[in-house]
Amino acid sequence: MATHQMPASGSNCFTCQSRQRTEWCVLAEDELKIIDEAKKCRRLGPGEVLFHQGDPCKGIHCVEGGLIGVRKLDADGNSVLLGMAYPGDTLGYRFLLSGEDYQAGAEALKPSMVCYVDQSAIRFLLEKNPALGLRFLRRAATDLNEAEDRFLQSVTLSVRARFAHLLLVLKKRYDGEEDADTNDAFSMDLPL
């Protein structure tokens, strides 16, 4: 499974449709140019690894397209899907900000395009634009709240109720992506 490096011109931060919904929306044009010039874009096929648990974190990854699964291995080597990253999501920011190695791994669940930005560019922008750091802090707080909610569900809801909740979340997330030829209102393809 080879990873394909894309030229930086294959993707443009100025025209990225997800940017206004992300932490990057606070960047001025000259700051956005720094990201655009520093990034390296990769196309990944299903099953290709973006990073492994335990790898050193030397930058962050922005999902431009596709779907990335975030997994963690337990002490016995069992893999658990912690979550999924969609277009506009940023991966690795917590590990970069804390100076830790990746505490989880990431792999493409379907064909994906991911842009990587080295830590030197990120640190420069964080120093230059404190609003970017506040956006990442807000994102970390939101992620923590969601993790607490998932934990609460895992210890209070039955397996059947958790599965039903998961189906509702996936239906909501993929509701607009159903096949137009399908007449069945309850039919959907899930990227699992």
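All of these numbers come straight from a predicted model, not from anything done at the bench.

### Structural notes on the pattern of salt bridges
- In this structure the tally under the stated criterion is six salt bridges.
- Aspartate 143 is paired through a salt bridge with arginine 139; the nearest N and O atoms lie 3.5 Å apart. Of this pair, aspartate 143 and arginine 139 are both found in helix 4 (residues 130–156), four residues apart, which corresponds to roughly one turn of the helix. Take aspartate 143 and arginine 139: they sit in the same class, and that class is buried.

### Some points on the packing of aromatic side chains
- For the coordinates displayed, the defined rule picks out four aromatic pairs.
- Ring centres of phenylalanine 51 and tyrosine 102 lie 3.8 Å apart, and the angle between their planes is 15°; this geometry places the pair in the stacked category. With phenylalanine 51 in strand 3 (residues 49–51) and tyrosine 102 in the loop between helix 2 (93–98) and strand 7 (105–118), the pair connects residues that are 51 residues apart, well separated along the chain. Summarising the burial analysis for this pair, phenylalanine 51 and tyrosine 102 share the class buried.

### Things to note about empty space enclosed by the protein
- In this structure the tally under the stated criterion is one cavity of 30 Å³ or more.
- Approximately 230 Å³ is the volume attributed to the largest cavity.
- What lines the largest cavity is a set of 19 residues, among which Cys13, Cys16, Trp24, Cys62 and Cys115 lie closest to the centre.
- When contributions to the lining of the largest cavity are tallied by element, the ones reaching two or more residues are helix 1 (29–38), strand 4 (59–73) and strand 7.
- Looking at the lining of the largest cavity, the element that brings in the most residues is strand 4, giving three residues.

### A word on the pairing of strand 5 (residues 79–85)
- Pairing analysis gives six bridges linking strand 4 to strand 5, with the strands arranged antiparallel. Paired with valine 70 across the bridge in strand 5 is glycine 83.
- Counting the residues between successive antiparallel strands, the hairpin from strand 4 to strand 5 contains five residues, one of them, glycine 77, with a positive phi of roughly 85°.

### Brief notes about the layout of surface pockets
- Considered as a void within the structure, the largest pocket measures approximately 2000 Å³ in volume.
- Surrounding the largest pocket, 46 residues form its lining, Leu82, Gly83, Met84, Glu146 and Arg150 being those nearest its centre.
- Here the lining of the largest pocket takes 14 residues from helix 4, the largest share from any one element.

The rules behind these values
Residues numbered from 1 in each chain as written. Predicted model: local features only at pLDDT ≥ 70, side-chain atom pairs only at ≥ 80, totals over all residues. Heavy atoms only, no water. Salt bridge = Lys/Arg side-chain N within 4 Å of Asp/Glu carboxyl O. Helix = DSSP H or I, 4+ residues; strand = E, 2+ residues; numbered from the N terminus. Buried < 20%, exposed > 50% of the residue type's maximum accessible area, 1.4 Å probe, protein only. Phe/Tyr/Trp six-rings, centres within 6.5 Å; stacked < 30°, edge-to-face > 60°. 1 Å grid on protein atoms, 1.4 Å probe; cavity = no way out; pocket = protein on both sides within 12 Å on 5 of 7 lines; lining within 4 Å. Points joined across faces, edges and corners; volume = space filled by probe spheres on them. Pairing = 2+ DSSP bridges.

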